[in-house]
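Overview (structure and organization)
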Amino acid sequence: MRVGSLTVKPPPFDYSAPDTLEEALFLLGEAGDEARPLAGGQSLVPLLSLRLARPSLLVDLAGITTLRTLGAADGHLALGAMVRERQAERDVRVRRLAPVLADALPLIGHPAIRSRGTIGGSLSHADPAAELPAVALVLEAELVAESRARGRRSIAAANFFTGFFTTELAPDELLTSLRVPSPAPGTGWAVDEVARRHGDFAIVGAAAMVRLDTSTGRIGEARVALAGVGDTPVRLRETERMLDGAEPADGAFADAAEDAAARLSPPADVHGSAAYRRHIAGVLVRRTLKLAAQRAREAA
Amino acid sequence: MTSFDVELTVNGLARRATVEARRTLADFLREDLGLTGTHLGCEHGVCGACTVLVDGEPARSCLMLAVQARGADVRTVEGLAAGGKMNRLQEAMWDSHGFQCGFCTPGFLMQITALLADIPEPSEAEIREALSGNICRCTGYESIVNGVLRAAGATGFLE
Amino acid sequence: MQHIAERYTGASVRRSEDPRILTGSGRYVDDVRLPGMLHAAFVRSPVAHARITRIDVRAAAEAPGVTLVLTGEELERSLVPGPGIAAMFSGGAPVPAFTTLASDKVRVVGDPVVLVVAESRYLAEDACELVEVDYEELPAVMTSQAAQDPASPAIFEDLASNVLVRSPVAVFGDVDGAFARADRIVRADLRQHRHQNAPMECRGVVCSFDPESGELTVHSATQGVHIVRTTLSTALGLPPEKVRVLAGDIGGSFGLKLGAYREDVACAAASRRLGRPVRWMEDRLENLTFSGQAREESFEVEAAVTNEGEILGLRVKMTIDTGAYPGMGAMLPELVKTMIPGPYKIGALSFEWTAVVTNKAAYVAYRGPWASETWVRERMIDLIAMELGMEPLEVRLRNVATRETPPLRMVTGRSLAGVTARESLEAVAAKVDLPAFRRLQAGARGHGRYLGLGVATYIEPAPGPLEGRGGGGIMGPEQVRLRLEEDGTVTLFTSQMPHGQSHQTTFAQVAADEFGVPIEQVRVVVGDSDLVPMGFGTGGSRAAIMAGGASLHGARALKARVEEIASHLFEAGAEDVELSGGSVAVRGVPASAMSLAELARAARSPGRLPPSLAGDVEVTAAFDGGEGGWSGGSHAAVVEVDVETGQVRVERYVVAEDCGTLINPAIVEGQVRGGIAQGIGAVLLERSAYDEETGQYLSSTFMDYVLATACEIPRIEIEHLETVPLDADVNFRGVGEGGMIIAPPTLCNAIEDALSPFGVRVFEQHLPPARILELIGAIPAG
């Protein structure tokens, strides 16, 4: 990371802690892109401290109780944007209805990060190496957003992550909840990542879901998404299509991995070259698909 | 810039100070409340030295603004020894030669306090995972892990 | 009265440091609060190499809360010119001219250019952003090859080139003969990467100048208060007695916090100018970018060997990248030269070296600064074994010097008396059960699992044989002062400045045993230049033997003094007086017993004693380390490499170490484990990375300079051997640096062994997952 000023104290800004969503949206609407919503702060505060972010106003969402609800209804798991990662990690409904999410949560940072970090904050921050954005893609989750100007809208995860740390959200718009459809019966899942250390951002992370056709035992649907391989999290749709109707065998997963790796042009940094990330992506695609298929078989 | 009154409970006592919005909770504890037991090792959320408990959950005090802690119940390393008597964890760390230079110590102690509240008898693997967000540059961690096991009453690890 | 059942020395006594450290009541430099204290921050260079063409500080000077803004030029007017601490560790290399704050040029990213002092650190950082500096960029010299190119722009204009030193070739033994007799010559180009100390507490200082008295008081995070005093008094032109340096708890250092740095000098000058205390606490980004780095050295090595694995001789060419400003880089090659034969009977050596200047952070001391001698030698031995198809352990045992076969001396001249390398090698080999491991390894490979075993051995001068160490100077004998207080306790003053090593416990153990009082009655005072005896401070693995020995002799002298005083008070012969259990009495007359408190009070009472004994009951003792000798040992690591992801897991780590008599086994083991953790980190995780085109620093956060956590460091099995005693009383050896010296070769050897089915040869020390995959050919080299 290039850090110009080598300083660690945040620059001045104003702060507001509204009690209601309406009030928060009003503040964001008034301030435009000078304001930043503050969720758990686990990504934003270090950016402030390194003076890489300079909002004039922080709108703290912690007091808005409606954003903290976690519930399951009509086949969906609904997580309010301000649900802490640690809270979701401990919730049995998350484990039951979205095991791929439940498995991904403990990979985010460390306990002290997850106890503050929020579902909505992580998704809105859109770090391409973070776990939740890739998981949202593989889950085909819906992200519910709200603003004063546009009202409420639902954005498919596939359309949410638009670029490097950027999303479909307008500056005055807040992510309010994540809606996760329950997986079809007989779906297996897997999450895996390679990081320098336990708890670090993934060099590459992968999330996969595989549903087996109950009559043929062949792959009915395969989904796989990656973190750390580009400007955004990546869903590997072409690779998935290769697996439609295929035998859930090592050969098919190896072919899929090779196909996936070939399609990527990942970034390089001090932790590894582009070639390294591409290679790891292949390994993780194979490993996660294989494990997901195995779990699907066990579920059947 | 506007200043904010921050009222909160620290180690069971009501505390209050007026600070800028940008003041981190760590600086608030150290500079405004004089609680220098909480240490700053990186100020970008990686080393864990500044870990405190906020409403019972571990949190990096360098990654929180003081204004975010309004109304919260904060515990720091100074709050562990009730009445000046070291608690079970502190005694166990003393017996285990847990730490050396002591700079990472407050963060470890608070993270371990949270761990033991969650899992009273953690396995070594659970301990290591729970502590993976706290960096110690001196010990190689074994003595710290031993201290946690000792505090949890697991003495089987001792030869 | 407490009965002393047994000796403290040798027991894992609980640390006296812990009650304050575990309760948050330690006092680190960042905890110092002085009335009227101001806060400093530095504007630092964003580029690696440039001429400064303009500095405009007007806006910063007028910013809220700002009390002082100083440029290099202005600061220099208040300082005494000179090389400062740079000359102390230069090893005789030329010391270039430069200013405390960069004024004409910047030479590394992070170079301090302007000092801002304000009412808070937040305000100081705000004002830093308002300083305008124009840079005319120069090409950055980022590698030792580039530095040796005569066309590279001179980083220091008063040096003829970026080559600081090119040594003559030193020859020991019959090198040409050894190579002529050799069956084979094994060649390798070996390189170490940049590491850094990264103590959890960064550097820091609080300077407080009192205009009334003209005295400067400095609170410093340092390994030695007197070096800081010397540096600051020299730079500020103050008499040394007008400078008092205090140090409290220190949050680690590992060699970094030696003496006063440029920032400390600037803060002291600012405090003198303002008449108010000025605090600077280095932040982590500054620490990683600028404070100092180490280990970047490369070697061209040729080994003359026989087909039976005997190493006849070595030819070594060393190049060291000392970074931009003088640190310790230029003094190390001579140490590496002396030490490179290690505990082996290598009969001939030629050694030459080159030190260069580059636009990177200064080369500083880091735990076992000369460690490349061990890494290079132990790496070469495994490469030789591979070449010959021998078990590496066999090559080691064939060449290691043993006590039964003199001469016990390195070809470079140093005595190897007391070294137990063979014993420690045999101990670790037995512990890992080498034949059983080889069977396991072969079986695992059949299942696509790649296990490897690495063994390595080392010796460490702790402090090394007296002969060749030199007698005097700041690295000479260690002094302690002991005083019997009026409450009957003993105060021990030492120049050692512990920063994790637990000296306040260990010296008290030694002194309590020798003086014969409970350990609670011995208080060890450190960190006050007005109180502690003059000395270098903590470093060079001196403390256990030098200060431990001085503590023993000091306690013995204090006991003699007490008995002498008692004999006067009792009007008995000195031989009839006995000190035991905290009181003195005439032998056989328990009723005569006098407590130590009473004795101390009596001694201070006028007229009760002859003038030579009256007053404070105080002695000073010095110890030169005696025959001292070596610490050392052998380590073995078992690793498993995931050849799909390149990740390495350390499955097992075994140590047989010899630091002589253990003062406190738990403290010794803590030092050993901590050093190993740093060594494992160096190989698998840590690298100070630069962009070689732009000179930008790429590892300025803990997300990029990656330190090992509890999940990466395994349990470490330790067996203690005891050196043959060389001294009648003092057989402690320093043990602080060894783990960091020996873990890197142990791990590199294990990884190479794991990857041997791929024909991998390891010529570098840093082996992160991406590099492992390159080595086995899974991905192209990046």
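Residues numbered from 1 in each chain as written. Chains lettered and ligands numbered in written order. Predicted model: local features only at pLDDT ≥ 70, side-chain atom pairs only at ≥ 80, totals over all residues. Heavy atoms only, no water.

1. Concerning the interface of chain C and chain A
Contacts between chain C and chain A engage 41 residues on the former and 30 residues on the latter. Surface buried jointly by chain C and chain A totals about 3100 Å² across both partners, of which 57% is contributed by carbon and sulfur atoms. For chain C, the biggest contributors to the area lost against chain A are E125(C), L285(C) and E644(C); these three give 18% of the whole. The interface formed by chain C and chain A includes seven salt bridges. E129(C) is the salt-bridge partner of R51(A), the closest N and O atoms lying 3.0 Å from each other. Looking at the side of chain C that touches chain A, the elements that each hand over two or more residues are α4 (121-128), α9 (284-291) and α20 (769-775) of chain C. (Contact = heavy atoms within 4.5 Å. Buried area = accessible area lost by both parts, 1.4 Å probe. Salt bridge = Lys/Arg side-chain N within 4 Å of Asp/Glu carboxyl O. Helix = DSSP H or I, 4+ residues; strand = E, 2+ residues; numbered from the N terminus.)

2. Observations regarding the pattern of salt bridges
The full count for this structure, using the stated rule, is 104 salt bridges over all chains. As a salt-bridge pair, R152(A) and E146(A) come within 3.5 Å of each other at their nearest N and O atoms. Look at R152(A) and you get exposed, because its relative accessible area is 65%. Assessed through its relative accessible area of 15%, E146(A) is described here as buried. A salt bridge links R22(B) to E20(B); the nearest nitrogen and oxygen atoms lie 3.1 Å apart. A residue is classified by how much of its surface remains accessible, and R22(B), at 2% relative accessible area, is buried. Residue class for E20(B) comes out partly exposed when judged on its relative accessible area of 28%. (Buried < 20%, exposed > 50% of the residue type's maximum accessible area, 1.4 Å probe, protein only.)

3. Some remarks on the side chain of E131(A)
Along the chain, the position of E131(A) falls in helix α8 (residues 131-139). For the buried E131(A), no salt bridge exists, and the shortest N-O distance to an oppositely charged side chain is 8.4 Å, to R114(A). (Lys, Arg positive; Asp, Glu negative; His and termini not counted.)

4. Some remarks on the interface of chain C and chain B
Each side of the interface is counted separately: chain C has 57 residues, and chain B has 48 residues. Across the interface of chain C and chain B, roughly 4400 Å² is buried in total on both sides, 54% from carbon and sulfur atoms. For the pair chain C and chain B, the interface holds eleven salt bridges. A salt bridge links R673(C) to E142(B), with the shortest nitrogen-to-oxygen separation between them at 3.0 Å. Inspection of the chain C/chain B interface yields 35 residue pairs in polar contact (both at pLDDT 80 or more). Those elements that place two or more of their residues in the side of chain C that touches chain B are α1 (18-21), α4, α9 and α18 (665-684) of chain C. Of the residues forming the side of chain C that touches chain B, the biggest block, eight residues, is contributed by α18(C). Taken together, the residues of the side of chain C that touches chain B sort by class into 27 nonpolar, 16 polar and 14 charged. (Polar contact = N/O pair within 3.5 Å; in protein donor to acceptor, adjacent residues only side chain to side chain. Nonpolar A, V, L, I, M, F, W, Y, C, P; charged D, E, K, R; others polar.)

5. Some details on the packing of helix α2 (residues 88-95) of chain B against helix α5 (residues 142-151) of chain B
Residue and element names in this part refer to chain B. Relative orientation of the contacting elements α2 and α5 amounts to 135°, with a least axis distance of 8 Å. With respect to α5, the axis of α2 lies oblique. Relative to α5, the crossing made by α2 is right-handed. Of α5, the residues touching α2 (which contributes R88, L89, A92, M93 and D95) are I144, G147, V148, R150 and A151. In terms of residue class, the contact of α2 with α5 is made up of six nonpolar, one polar and three charged. (Axes fitted to C-alpha atoms, helices over the stretch in contact; angles between N-to-C directions. Parallel < 35°, antiparallel > 145°, perpendicular 65-115°, else oblique. Left-handed = near helix turned anticlockwise from the far one by under 90°.)

6. Digging into the pairing of strand β2 (residues 35-38) of chain A
Put simply, side chains in a regular strand alternate between the two faces of the sheet. Residues and elements named next belong to chain A. Here β2 pairs with strand β3 (residues 57-60) via four bridges, running parallel. Residue pairing in the sheet places P37 in a bridge with V59 of β3. Read as a crossover between parallel neighbours, the route from β2 over helix α2 (residues 44-49) to β3 is right-handed. (Pairing = 2+ DSSP bridges. Right-handed = clockwise from strand over helix to strand, strands pointing away.)

7. As for helix α12 (residues 392-399) of chain C
Residue and element names in this part refer to chain C. Taken together, the buried positions of α12 are occupied by P392, L393, V395, R396 and N399. Buried residues of α12, seen end-on, are gathered within an arc of 160° and therefore sit on one face of the element. Where the residues of α12 are buried, they touch β15 (311-321), α11 (372-388), α13 (421-432), α14 (434-446), β17 (450-464) and α19 (738-754). (Arc of directions from axis to C-beta.)

8. Section: the packing of aromatic side chains
Residues and elements named next belong to chain C. Summed over all chains, the structure comprises twelve aromatic pairs over all chains. Ring geometry for F42 versus W280: centroids 5.5 Å apart, planes at 90°, classification edge-to-face. Taken together, the residues F42 in strand β1 (residues 38-44) and W280 in strand β13 (residues 278-281) connect sequence positions 238 residues apart. Judged by relative accessible area, F42 falls into the buried class, the value being 4%. (Phe/Tyr/Trp six-rings, centres within 6.5 Å; stacked < 30°, edge-to-face > 60°.)

9. Here's the deal with the domain arrangement of chain A
Residues and elements named next belong to chain A. Taken domain by domain, chain A holds domain 1 (14-60), domain 2 (65-181) and domain 3 (187-299). For domain 1 versus domain 2, the separation of C-alpha centres amounts to 18 Å. Contact with domain 1, which involves 16 residues of that partner, is made by 18 residues of domain 2. Interface area for domain 1 against domain 2, summed over the two sides, is near 1300 Å², with a carbon-plus-sulfur share of 68%. Area buried by domain 1 at its contact with domain 2 is led by L21, L25 and Q42, which between them contribute 40% of it. (Domains from an automatic or database assignment.)

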